[in-house]
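Below, each chain spelled out in residue letters.
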Amino acid sequence: MASPDMEVTPSDLRFRFQINKQLLATITINNPSNQRVAFKIKTTAPKKYVVRPSSGVVEPCSNVSIQVIMQAQKEYTPEFANCKDKFMVQTTVLEEAEQIEKDTFNKEARKDLKEYRLRVTIEGPAAPPSPVPEANEADDEGVAVRVSAVPPPAPAPQLAPPSATEPAVDPRLRNAVDNLHAATVENQQLKAQVDRLQRERDELRRQLDIFQLQSGAFKTGASASQQVITARRPQLSMAIVLLVAVVAFLVGHYMRF
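Now for a quick tour of the structure. (Residues numbered from 1 in each chain as written. Predicted model: local features only at pLDDT ≥ 70, side-chain atom pairs only at ≥ 80, totals over all residues. Heavy atoms only, no water.)

## Digging into the nonpolar core
Next up, step 1: Counting residues in each nonpolar core, the largest one holds 28 residues, and the members touching the most others are Phe 15, Ile 29, Tyr 49 and Phe 87.
Next up, step 2: Going through the elements one at a time, strand 2 (12-16), strand 3 (23-31), strand 4 (36-43), strand 5 (49-52), strand 7 (62-70), strand 8 (86-94) and strand 9 (114-123) are the ones with two or more residues in this core.
Next up, step 3: Not counting residues within four places of it along the chain, the set of residues in contact with Phe 15 comprises Leu 23, Leu 24, Ala 25, Tyr 49, Val 68, Met 70, Val 120, Thr 121, Ile 122 and Glu 123. (Core = buried A, V, L, I, M, F, W, Y, C linked by side-chain atoms within 4.5 Å. Buried < 20%, exposed > 50% of the residue type's maximum accessible area, 1.4 Å probe, protein only. Helix = DSSP H or I, 4+ residues; strand = E, 2+ residues; numbered from the N terminus. Contact = heavy atoms within 4.5 Å.)

Now the structure itself:
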């Protein structure tokens, strides 16, 4: 079975070079026939490019787009100006229920296998704008100067001209700033209350320590007084006994007479 001619575009893949950026190109395969056609994409620089999808099936009277992504490059090398990278699109006819197998694109097994070769062109990075105006640019500037020399008409008065010094502020940004200010004020108030509570706690702790010291001193003094009274009780008892004995002796002596 002869393979139909496929329309593979473009014949030249062009990439506009940019440092540290992936470059994208697209290959389109159009199948104008009434047969199912399998395709496979090959390249001479597989490490530099990513092909999505690299193989597949183009249904009858339809087309498929394939993305070719060039990996990001760190610099523009001299060989890019004369790039020798190439791509090849292989196509072959599939039966009604046939799927892509390992030998689908084998030249010996597939006599109807066709190949389409694509070149790669890498265009250099865009040149920076020239600081010196060209001749036509200078003429345009001269015309602009002459035109600007004519005074413009006076603008019509406006009832409420917009203020140029006050840029519009996003309401969401203003709301966020207000919420932040309110949270800051509330945080300062809470911090002041915490400081006041800590001072009150320290004062209560100091008063409790003074009370405990005074209570201990009072207990110590009471114990010492109790000990002195207890020690003096025997002495007072003996004195009373002696006093009673003397009084009894005197009373008995006087009663004899």
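The discussion continues.
## Digging into the sheet that holds strand 7
Next up, step 1: Pairing is antiparallel across the open sheet formed by 4 strands, whose spatial order is 1-3-7-5. Of all strands in the sheet, those bounded by a partner on one side alone are strand 1 (7-9) and strand 5. With strand direction ignored, the average angle separating the axes of adjacent strands in the sheet is 20°.
Next up, step 2: Two strands pair when backbone bridges link them, and strand 3 and strand 7 are joined in this way by 9 bridges, in the antiparallel orientation. By the bridge assignment, Asn 31 is partnered in strand 7 with Ser 62. (Pairing = 2+ DSSP bridges. Axes fitted to C-alpha atoms, helices over the stretch in contact; angles between N-to-C directions.)

## Let's talk about a nonpolar patch on the surface
Next up, step 1: A cluster of nonpolar residues, Leu 243, Val 247 and Val 251, forms a patch on the protein surface that exposes about 270 Å² of accessible area.
Next up, step 2: Assignment of secondary structure puts Val 247 in helix 2 (residues 171-256).
Next up, step 3: You can call Val 247 partly exposed: its relative accessible area is 45%. (Patch = residues over 30% accessible without salt bridge, like charges linked within 9 Å, V, L, I, M, F, W, Y side chains within 5 Å. Areas by Shrake-Rupley, 256 points an atom, 1.4 Å probe, with all protein chains shown as cover. Salt bridge = Lys/Arg side-chain N within 4 Å of Asp/Glu carboxyl O.)

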